[in-house]
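# Observations on the three-dimensional arrangement
So the chains spell out like this:
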Amino acid sequence: MKKSYDNGVEATLGVIGGKWKPQLLCHLGNQPQRTCDLRRELPAISQKVLTQQLRELEHDGIIVRHVLGDRAPFKVTYALTDLGRSLGQILVQMSVWGERRASEVPDMEVTHDHSGFTHILTTN
């Protein structure tokens, strides 16, 4: 069934919306990663949600799953596709906006800045 959106923002959020997808994409923008690496970067995400989010991003063509090895245990890594890398500027701008907003609100903080995500921009 064809998905229908009212505008481009809604279409974008349909792919990267939610708490975890933008964070996963930023971490994958630094380098391809294994599931255990992503869990270490995002300790609050459950294994079930991580698997679900990765499958959805793969289905939408944003990431690719690579399985290495010919027998168990397999080494599985995830990496951004060209389409996924094209989201780099959007993700960095979201991070910059959030950092600026946090600096203006007394009871809000951002513990890591966007500098770790700028690798996304150099691979476009």
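Our structure's up above, just so we're on the same page.
In this report, the structure presented in the accompanying data block is examined. All values reported here derive from a predicted model rather than from experimental measurement.

With that settled, consider the nonpolar core. One finds Leu 24, Leu 25, Leu 54 and Ile 63 to be the most contacted residues of the largest nonpolar core, which totals 19 residues. Dropping the residues within four chain positions of it, Ile 63 is found in contact with Leu 25, Leu 28, Leu 54, Leu 57, Glu 58, Tyr 78, Ala 79, Leu 80 and Thr 81.

Moving on to helix 2 (residues 21–30). Burial analysis of helix 2 places eight of its ten residues in the buried class, the great majority of the element. Within helix 2, burial applies to Lys 21, Pro 22, Leu 24, Leu 25, Cys 26, His 27, Leu 28 and Gly 29.

For side chains of opposite charge, pairing can occur when their charged atoms come near one another. Going through the model one piece at a time under the given rule, you end up with three salt bridges. Note that Lys 21 is salt-bridged to Glu 56, the shortest N-O span being 2.7 Å. Of the two residues, Lys 21 is situated in helix 2 and Glu 56 in helix 4 (residues 47–59); the sequence distance between them amounts to 35 residues. For Glu 56, a relative accessible area of 30% corresponds to the partly exposed category. Among the ionic pairs, Asp 37 bridges to Arg 40, the shortest N-O distance being 2.6 Å. Here Asp 37 pairs with Arg 40, and both are found in helix 3 (residues 35–41), just three residues apart, close to one helical turn.

Reading guide: rules and limits
Residues numbered from 1 in each chain as written. Predicted model: local features only at pLDDT ≥ 70, side-chain atom pairs only at ≥ 80, totals over all residues. Heavy atoms only, no water. Core = buried A, V, L, I, M, F, W, Y, C linked by side-chain atoms within 4.5 Å. Buried < 20%, exposed > 50% of the residue type's maximum accessible area, 1.4 Å probe, protein only. Contact = heavy atoms within 4.5 Å. Helix = DSSP H or I, 4+ residues; strand = E, 2+ residues; numbered from the N terminus. Salt bridge = Lys/Arg side-chain N within 4 Å of Asp/Glu carboxyl O.

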